[in-house]
Every structure is written in C-alpha cells, then in structure tokens.
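A look at the structure
Here's the letter readout for the chains.
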Amino acid sequence: MVTPVIRTVDLRSDTVTKPTESMRSAMANAEVDDDVLGNDPTAVILEREVAEIAGKEAAMFVPSGTMGNLISVLVHCDERGSEVILGDDSHIHIYENGGVSSLGGVHPRTVKNEEDGTMEISSIEAAVRSPKGDLHYPVTKLICLENTQANCGGRCLPIEYIDKVGELAKKHGLKLHIDGARLFNASVALGVPVTRIVQAADSVSICLSKGIGAPVGSVIVGSKSFITKARWLRKTLGGGMRQIGVLCAAALVALRENVAKLEDDHKKAKILAEGLNRIERLKVDVAAVETNIIYVDLPKDPKFGAEDACKSLEVLGVLVIPQTTFRIRIVLHHQISDSDLDYVLSCFEKLFSSVPEEKA
C-alpha cells in the first residue's frame, strides 16, 4: 500500500518556482513590440535596470543562462581555437553541453575549484598560454568565474579574490567573464552591491529564473561594443525572440520584489542544514552553507545511496536530487515556508531511522 502524499515540497532547484500573481498580472499587461527589431519597450526597461544594477554600459536579455554564458565566451574568444580558463567544477564546464567547444571551437582549460569555489590565483596564472608561447598550444583569451559557485555549495567568491583575478586578466591581456547565475544571492550574503562584485568583470551573465524566481531568462551585461556583438550571436543561436516583453515583465517583478526575499531563503537554508546535521547518520557542512544550497552526505551504504533516498523522499512528497552516489542537493527558494522545513526534516528523520544501518 502506497502512503498518500500529504504535501509536496520541491527543493530540486530554485528554478522550480511558479510565477507569482504580480508576475502573471505584469505579463498579461506588458507593453510589447518586436525585440529582434529592437523595439520591445519592456525589454528595454529590464535591460537598462540590470545594466545599472551591474554598473555596466549595456545589457541584453537571453532565454537561458546557458545561452548567456555561451554568447559571452564566444564574444571574447572570437577566433576558433582560442582558450578559456575555468573551474573544473564550474557550470559552464560541466552542465552546458560543452557548447563553448562544440559550437564555438573554444578550448576549455580547467583549473581545480577549491572547496570555497575559488581557483588558486597561481594555478590560473600557470594555465595562461600566450600567443608568444609554444605554437603547439591554443592561446588563452578569457578567464571565467562563477558566483555563487553552485557545485561547491553556493559559496560566495570574496570581492578581494575577484579583484585579484581581474588584475591577473589585465596583466596578461585577457578578459574576465562572471557566470552570475545566483549573483543576487552572493550580493545579499556578502552585503555588497552587485556593481562592486562585478567591477573587475568585462561581462556577466545574470540569471533571472534562479534565486529571484522569474519564470524565464537571463541578462548578460558588458560594454556597448560587447552587447552589440552579443546581439549578432544571439540571433545566430536562435535566441532572437519577438514580443519578449511578456517575459521581461515578470523578470522586472522578480527584480523589484524578490531580491529582498533572498536573505530569508539563506536563513531557512541554514536552519534546514542545522536540522539535517542533527539527524544521526547524515552529515552537512553547516559552515559551508552561505546562501541557498545545501549538500547532505549520506552513509556510504551500497544498498541505499542518494538515488534510493531521493526516490523514497519523493514518495513522501519531498523532491530533491542526487548530486553524487552518496550526496543529495537541496536548494531553497522564496516559495518554501517554515512549515515546509519542519515537514522536510520529519521526512528525513523518518527515512533514515527506518533504513537499517550497514554493518561493517
């Protein structure tokens, strides 16, 4: 007999949020025009606002963060065979279908991501390959950072660190791109304005559907010349859309209403992390929970790994995803309540008190 689901708590990602009533109203009433022709007034407002928030000259809406990162890399690495330095655990390298190489002919050169999401400055510099160097190698043109760094647990890159990477990039004549999928989370957690965080960057991709909960889209920012080139690439990649004001209207609501909710998301993540860490046989690095992402380490029982745990939790209405064989990822968002946290903790307690402990 299957236990009936009492409620559903979706913690798979902060991309699972539903549009709020104010978003739906804004979408229904959005002023629109053909954005491929450059005339959608709501898109223009969104792009201006995001550019101002980031302290950059111009901005452009794109359907996804993957497209935003791809376009940014291709603008900077404008010759096939160019090289980009990026983290070995970065989203661009792992989760974006290898687009920089398959579509752009850009060679990825990875540097180890440390536990805090950074890459050692010395290791980045050692990875740089100059046009005056050995002709066997591709030429480095770009460095990419990710803030927050998702696979490292939503860790925030320190301002001083980003500045140092920016100085290194300038020293070698390189550009710096920041994948800021959860940049607003970093800003809130660090207590530092977005414009200061990305001051050293030549381009930034800012996701609107992660963190702040818009239904669709990202915005990339940079200089006017960068965005001019980016618009050509967006059209080439099939990202030129017509009446996008319908989507941009929801994104504007997210910007104006949901950034303020991120602090509460972070507090809930910490509370949940502490509660999970108190459950016998589970382990959470509570100190590493800086924003809205939690990693839960399970007992290394070959008969009951992360996939088994996720399936069992789904039966109880708790949706999470396996990160590795014995690790679960949880992501908080603004549509998770205090009572949801209590329910999730009770489900984890129920599950791991009922699973027999593996004998040594």
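The structure presented is a predicted model; accordingly, all values stated were derived computationally and were not measured. Once a new chain begins, its residue numbering starts again from 1 and follows that chain's sequence as written. Given that the model is predicted, a residue must reach a pLDDT of at least 70 before its local features are reported, and side-chain atom pairs must reach 80 or more before they are shown or counted; all residues, however, enter totals for whole chains, interfaces and linings. Based on all heavy atoms of the structure, the side-chain values leave hydrogens and waters out of the count.

Attention shifts here to the UniProt feature "modified residue: N6-(pyridoxal phosphate)lysine" (unreviewed entry) in the protein. Mapped onto the present numbering, the UniProt feature "modified residue: N6-(pyridoxal phosphate)lysine" (unreviewed entry) falls on Lys 210. Put simply, DSSP H or I for four residues or longer makes a helix, DSSP E for two residues or longer makes a strand, and each gets a number counted from the N terminus. Mapped onto the elements of the fold, Lys 210 is located in the loop between strand E7 (203–207) and strand E8 (218–222). UniProt positions are given in the numbering used here, feature names are shortened, and annotations may be inferred rather than shown by experiment.

Here the focus is helix H3 (residues 65–76). How far a helix is expected to stretch is found by multiplying one less than its residue total by 1.5 Å. With 12 residues, H3 should cover 16 Å at 1.5 Å per step; its first-to-last C-alpha distance of 17 Å lies within 8% of that length. Each residue is assigned to one of three classes by its accessible area relative to the maximum for its type, calculated with a 1.4 Å probe on protein chains only: buried under 20%, partly exposed between the two thresholds, exposed over 50%. With 10 of 12 residues buried, H3 is to be regarded as a mostly interior element. Every buried residue of H3 is listed here: Met 67, Gly 68, Asn 69, Leu 70, Ile 71, Ser 72, Val 73, Leu 74, Val 75 and His 76.

For the rest of this paragraph, the subject is helix H7 (residues 159–171). In a regular helix each residue adds 1.5 Å, so 13 residues correspond to 18 Å; H7 covers 18 Å between its end C-alpha atoms and thus fits that length. Three or more residues of H7 are buried, namely Ile 159, Tyr 161, Ile 162, Asp 163, Val 165, Gly 166, Leu 168 and Ala 169. Against helix H6 (121–127), strand E5 (140–146), strand E6 (175–180), helix H8 (183–190) and helix H9 (194–197) lie the buried residues of H7. Just past H7, the residue Gly 173 takes up positive phi, approximately 70°. Working rule for contacts: check all heavy atoms of both residues, and any pair within 4.5 Å makes them a contact.

Here the focus is the pairing of strand E2 (residues 58–62). With respect to burial, E2 is a largely interior element, 5 of its 5 residues being buried. Both faces of E2 are covered, namely the face carrying Ala 58, Met 60 and Val 62 and the face carrying Ala 59 and Phe 61. Strands qualify as paired when DSSP identifies two bridges or more between them. With 5 bridges joining them, E2 and E8 adopt antiparallel strand pairing. In the strand pairing of E8, Ala 59 is matched with Val 221.

The subject of this paragraph is the environment of Val 216. Looking at the element boundaries, Val 216 is found in the loop between E7 and E8. Note on Val 216: relative accessible area 28%, which makes it partly exposed. Along the sequence, Val 216 and Asn 113 sit 103 residues apart, while their C-alpha atoms lie 29 Å from each other. Apart from residues no more than four positions distant in its own chain, Val 216 is found in contact with Phe 61, Pro 63, Leu 208, Ser 209 and Leu 247.

Attention shifts here to the nonpolar core. Across soluble globular proteins, nonpolar side chains show a tendency to be buried alongside one another. Take the buried Ala, Val, Leu, Ile, Met, Phe, Trp, Tyr and Cys residues and link them wherever side-chain atoms come within 4.5 Å; each set so joined is a nonpolar core. Leu 46, Leu 145 and Val 198 are the most contacted members of the largest nonpolar core, which totals 52 residues. Those residues within four positions of Leu 145 in sequence are excluded, and the remaining contacts are Met 119, Leu 157, Tyr 161, Ile 162, Val 165, Leu 176, His 177, Ile 178 and Asp 179. In terms of nonpolar packing, the next biggest core, distinct from the first, is built from 34 residues, Leu 276, Val 284, Ala 309 and Cys 347 among them.

With that out of the way, let us pick up the sheet that holds E2. A sheet is described by the order of its strands in space; here 7 strands give the open sequence E2-E8-E7-E6-E5-E3-E4, paired in mixed fashion. The strands lining the two open edges of the sheet, one partner per strand, are E2 and strand E4 (107–111). Here the strands of the sheet are splayed against their neighbours by 20° on average, with no regard to which way each runs. In the sheet, E5 pairs with E6 via 5 bridges, with the strands oriented parallel. The residue of E6 that forms the bridge with Ile 143 is Leu 176. Every axis corresponds to a line fitted to the C-alpha atoms, with the helix fit spanning only the stretch in contact, and the corresponding angles, defined between N-to-C directions, vary from 0 to 180 degrees. Across the sheet, helix H2 (residues 41–54) touches E2, E7 and E8, and the angle it forms with E2 is around 125°.

Taken in spatial order, the 3 strands make up an open sheet running E9-E12-E11, and their pairing is antiparallel. Among the strands making up the open sheet, the edge pair consists of strand E9 (293–297) and strand E11 (321–324). Neighbour-to-neighbour, the strand axes of this sheet turn through a mean angle of 35°, independent of strand direction. Contacts from helix H12 (residues 262–277) reach E9 and strand E12 (327–331) within the one sheet, and its direction differs from that of E9 by about 10°.

This part takes up the packing of H3 against helix H10 (residues 224–236). Direction vectors running N to C along H3 and H10 enclose 120°, while the axes themselves pass 9 Å from each other. The angle between H3 and H10 falls in the class oblique. The way H3 lies across H10 gives a crossing that is right-handed. The segment H3 lies against H10, with Met 67, Ile 71, Ser 72, Leu 74, Val 75 and His 76 engaging Phe 226, Lys 229, Ala 230, Leu 233 and Arg 234. Under this grouping Gly is polar, as are all residues other than the nonpolar Ala, Val, Leu, Ile, Met, Phe, Trp, Tyr, Cys and Pro and the charged Asp, Glu, Lys and Arg. Taken together, the residues of the contact of H3 with H10 sort by class into 7 nonpolar, 2 polar and 2 charged. For classification purposes, angles smaller than 35 degrees are called roughly parallel, those larger than 145 roughly antiparallel, those between 65 and 115 roughly perpendicular, and all remaining angles oblique. Here is the rule for handedness: rotate from the far helix to the near one, and if that takes an anticlockwise turn smaller than a right angle the crossing is left-handed, while a clockwise turn gives right-handed.

This part is about the pattern of salt bridges. In the sections that follow, a salt bridge refers to a side-chain nitrogen of Lys or Arg positioned within 4 Å of a carboxyl oxygen of Asp or Glu. Using the criterion set out here, one finds 18 salt bridges in the structure. A salt bridge links Lys 171 to Glu 125; its shortest N-O distance comes to 2.8 Å. In this pair, Lys 171 is assigned in helix H7 and Glu 125 in helix H6, connecting sequence segments 46 residues apart. The exposure class assigned to Lys 171 is exposed, which follows from its relative accessible area of 58%. What makes Glu 125 partly exposed here is its relative accessible area of 28%. Sharing partners across several salt bridges, the network here consists of Asp 78, Glu 79 and Lys 141.

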